[in-house]
Each structure stands twice: as C-alpha cells, then as structure tokens.
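These are the residues of each chain, in order.
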Amino acid sequence: MVLAITCVLAACGTNSEHANTELGNLIDSTPELTVSGEPVNGALLRRFYARHGFEPVWTTRQTEANALLKAVLLAGENGLDPELFHAALLRRGTNLSPLDRELLLSDAFLSYGDALARGAVPVEHRRDDEALTPEPVDVAARLDAAIDSSDPAAVIEALAPSTPTYQALRRALRTCRQLPAGRERGEPACVRRLAVNLERQRWLPRSLPPDRVVVNVAEERLVLYRADRPVFSTRVVVGQDVERNQSPEFRAEIEASLYNPPWVIPKDIAEREIVPKIRRDPGYLARNRMVVLADGEIQQQAGPDAGLGLIMFDMPNRFDVYLHDTPDQGLFKRDNRRISHGCIRVQHPRDFAALLMRQPIDVINQGIAQGATTRNVLPVPVPVFVVYLTAFLDADGVLQFQPDFYNRDADIWQHLTRRPSGRHPAAQADNRQASSASLLAALDGPGAPAIRSF
C-alpha cells in the first residue's frame, strides 16, 4: 500500500474505539492525512466512516461508486476542476491498493459534495469580508442517502444551487468552453469569470427569501424583490477600490428606517481624514456641524448636509456597513460610483423606504420633515444580501458581466483549479491526457476498465 501520512510524531495516536479496524486506526492517526500523495479531508472521512463502523464501503457498492465517480468527473460543469477530487489517480487506479482506492473514492465524493453544498472555498478559508454562507449540510449523511438511492449522482448534484442564475451560468460555461479565442490557461477567458461566479452562487442560501434586497457591489445597483420578483431597482454608491474601503459581502436584515440620522464617524475614518483637517483648520468642526462626544468619537449632527443624508436603513452587522441617503445626488450620474468607505448610498432612498415600510411616500416625507431623529421599525424585517457578482442574471433575466474592479476573482479561481505536479506513479504511468468523456464512455460500455474493481 502506497500511503503517506503527514504527522508530527508527538501528535499522532489512535483512538482505541476504532483500533480494531485498519481504516479507523488510519483515519484517527493524524489530522493531516494524505493518500498516494493526495491530501484528503480527514474530518469528513472520519464522519462518514463512523456511520459504517470504520469498515470499507465501496467493495460491495461498485454500481453506486461508478455513478458517483461519473458525477465527479463532470465537476467541470459546475466550474470545478475534477483534479480537486483525485480525478487523475482514479482514472488510472490499477496501481492503487484497495485501501488507498477506498479512501480516495470516499474523499472524492465527500469533497465534491461539500464543494457543491457550501463552495470549494468555504467561509473559513475566505477573506474576512467574503462572509456569505449557505445553510449547513451534513455531507456524510447526504452521501449515505445517495448510496441508498436509485440515482446516487442526482442526490449529490442536488447539493448545488438550482436557481435560475446558477443554471444560466452553467449553460454559459458550456458555451464558453467551445470558444476558440481569448484563451487563458488553456481555457477561453470567460471560463474563469463564469466558474468564479458559480462558486459565489454556492455561498448563498439554497432557497433565497422571496422578499429580499440584493445589492450587487460589482454592478453598483440595488434591487428589491417581492415574491421573488423585482419591484424596485436603483443605482448605489459603493466602497472604493482600495482594499480597506471595499464593500464586504454579507447578509443582514433591515430592521428599521432612521429619519434624520446623525453620523458617528468611524474611528479609522476620523483618524485618517477628519483629525488632520481639524489640526489644519480649527473651524472645521463647527463649519461641518460636528461635535466631539464624551468618549472621543466625532459625530456629525443630523441634517440635509449630513454624511448619511436624511435616511439610514438600520441593518446591524459586524462590518458596520449600512444603506443610506446622501446629500450629493450628483454622484449617481457617474459610471464609476466606487467612492465610499464601504457603506452603500442609495439613489432613491425615500421610494425605497416607502416600499420597505409599506407606506405611501408622503408618509415618509412627513416623518423626515419633522426634523427629529426617529427610528421607524419595518412591519417585517427584510433580509439584505450584499454580493459581488461579476457574472449574473439581471432583473430582466439577461446574463451580464461586470469588471472585477476589486480584483477578487483571481484568488477564488486558484481554489477552483488544480494543476498538480510530481504525482503518484499511478497517475504518471501514461502521460497522455485521459479525457473524462472517454472514461465515462468506458464505464457505460462493455469491458469496464480497472477502476470498476473497487
């Protein structure tokens, strides 16, 4: 058996509960397990095999394994490189020991399911400001359900989103791969853009709330949906290109509309931008209707010229990013509206507030005209998703592309592809590139290849 275990000796040990099986001893021996030179997900393997008494699974389930392997080999249809799931080793598996093959198959199925369920770049491996995440899924339990079903591949594929946008991106990806021009790393240039945005779709809930607000930072636009239909759309101003001022990707809930809000200036903005101006100009605070609070923070008084304008939408979140009005409506005429410190300025905030509050706009105007700072609770909180989609379906169902001005696509793309070198001899025995199509045809036809013998 060719099996490499990356292990610090002092940290290695066996769980006596599993010591009576070879698989149990192996999986529990180290948190960083590699099989035939391939890293595998020990936590997922441990969870899966605990359901099977830490005994081999695939030796008696060849049909199910074949069906699941076919799905893995077609991972490219979801914008995922099959090499992320041991495709090369499993294509030429004749030199693998039974235990290696067992673990690689399980890891391939579990890791592929996990990538479909929550993304190949789960939230714990992303940037701090890429905080969207779907509902948790027990992938080990889902694989068991697949094994017991009449269509194992369909059960695993169902972990991916089924939204119109996801399906449109998949269709576009198939078309894109047929294009001969503008190649990038051996693929048409549009492949990367579509694959990355399929990944971003996997970060969203599988069932989006029918009433919701979606702010696509890349499009610099806000859309309000009711019963899954767009009822309001407007331009927005978003964060600057510089990384510290970029608008993050996250979910929150709009709980209330604040009329005539004061602006407590974030400390980092105050220290970088306001304090130097005060030192140069002692009259700066009074002229801009700002005061220093008891705790040292700087606050701009409410009013039509205040930084938040006349309305702010209260949506508590750890980034302190909010939707709000602005006194400078001329900004919305610009094509490049990436000029804020991360918060999102709304072009038509009163119309937006009327829809959220489910009140006539005259009632909104009257509330603002009173001049007092008031917090007006929405009849029902409305979820808001701040996303960064550089390929997406617009409100009319048309596929759109936007520039990646925050330069976030490249990092995600690196997690979706794998071009390994120095692989196991079983994967290097034949230097010709075996296509997934040829293997799938072999699995379906007579004279099945060695990979059938799990």
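Residues numbered from 1 in each chain as written. Predicted model: local features only at pLDDT ≥ 70, side-chain atom pairs only at ≥ 80, totals over all residues. Heavy atoms only, no water.

### Focus: the overall build of the protein chain
Logical step 1: Broken down by element type, the protein chain carries 16 helices and 18 strands.
Logical step 2: The 454 residues of the protein chain split such that 50% are buried.
Logical step 3: Contacts in the protein chain between residues far apart in sequence, at least 24 positions, make up 68% of those at least 6 positions apart.
Logical step 4: Total accessible area computed for the protein chain in this model is approximately 20,700 Å², and 51% of it derives from carbon and sulfur atoms. (Helix = DSSP H or I, 4+ residues; strand = E, 2+ residues; numbered from the N terminus. Buried < 20%, exposed > 50% of the residue type's maximum accessible area, 1.4 Å probe, protein only. Contact = heavy atoms within 4.5 Å. Areas by Shrake-Rupley, 256 points an atom, 1.4 Å probe, with all protein chains shown as cover.)

### Observations regarding unusual backbone geometry
Logical step 1: Not every positive phi belongs to a glycine, and histidine 86 is a case in point at roughly 65 degrees.
Logical step 2: In this structure, aspartate 320 is a non-glycine residue whose phi angle is positive, near 55 degrees.
Logical step 3: Secondary-structure assignment places aspartate 320 in the loop between β12 (311-314) and β13 (323-324).

### Quick look at the UniProt feature "active site" (unreviewed entry) in the protein chain
Logical step 1: Taking the numbering used here, the UniProt-annotated feature "active site" (unreviewed entry) corresponds to His324 and Cys343. Spanning 20 residues, the named residues form one tight spatial group whose C-alpha atoms are at most 7.9 Å apart.
Logical step 2: With respect to the helices and strands, the residue histidine 324 is situated in strand β13.
Logical step 3: In this structure histidine 324 comes out as buried when scored by relative accessible area, which is 4%. (UniProt positions renumbered as here; feature names shortened; annotations may be inferred.)

### Considerations on the sheet that holds strand β9 (residues 263-265)
Logical step 1: The strand order across the open sheet built from 3 strands is β9-β11-β10, with neighbouring strands paired in antiparallel fashion. Lying at the two open borders of the sheet, with one neighbouring strand each, are β9 and β10 (290-292). Shown here is a sheet whose adjacent strand axes are inclined to one another by a mean of 30 degrees, direction ignored.
Logical step 2: Pairing of β9 with strand β11 (residues 298-300), which is carried by 3 bridges, proceeds in the antiparallel orientation. Paired with isoleucine 265 across the strands is isoleucine 298, a residue of β11.
Logical step 3: Sitting on the sheet, helix α10 (residues 267-280) is in contact with β9, β10 and β11, with an inclination near 85 degrees to β9. (Pairing = 2+ DSSP bridges. Axes fitted to C-alpha atoms, helices over the stretch in contact; angles between N-to-C directions.)

### Quick notes on the nonpolar core
General note: in soluble globular proteins, nonpolar side chains tend to be found buried as a group.
Logical step 1: One finds Phe48, Tyr49, Trp58, Leu103, Phe109, Tyr112 and Leu143 to be the most contacted residues of the largest nonpolar core, which totals 72 residues.
Logical step 2: Here this core takes 11 residues from helix α5 (residues 98-118), the largest share from any one element.
Logical step 3: For leucine 103, the residues in contact, after removing those within four places along its chain, are Leu23, Leu26, Ile27, Val35, Leu45 and Tyr49.
Logical step 4: Membership of the second largest hydrophobic core comes to 41 residues, among which are Phe250, Leu258, Met357 and Leu378. (Core = buried A, V, L, I, M, F, W, Y, C linked by side-chain atoms within 4.5 Å.)

### Looking at the packing of aromatic side chains
Logical step 1: Throughout the structure, instances matching the rule amount to 10 aromatic pairs.
Logical step 2: The interplanar angle of 65 degrees and the centroid separation of 5.3 Å between the aromatic rings of phenylalanine 85 and tyrosine 112 together place this pair among those described as edge-to-face. In this pair, phenylalanine 85 sits in the loop between α3 (62-73) and α4 (87-91) while tyrosine 112 sits in helix α5, placing the two residues 27 residues apart along the sequence. Like tyrosine 112, phenylalanine 85 is buried.
Logical step 3: Ring geometry for phenylalanine 405 and tyrosine 406: centres 5.0 Å apart, planes at 85 degrees, overall edge-to-face.
Logical step 4: Given a relative accessible area of 12%, phenylalanine 405 falls into the buried group.
Logical step 5: One aromatic cluster in this structure is built from Phe48, Tyr49, Trp58 and Phe109.
Logical step 6: If you follow arginine 212 out to its NZ or CZ, it ends over the ring of tyrosine 225, 4.3 Å from the centre.
Logical step 7: The ring of tyrosine 388 is capped by arginine 408, whose NZ or CZ atom sits 5.1 Å from the centre of that ring. (Phe/Tyr/Trp six-rings, centres within 6.5 Å; stacked < 30°, edge-to-face > 60°. Lys NZ or Arg CZ within 6 Å of the ring centre and 35° of its normal.)

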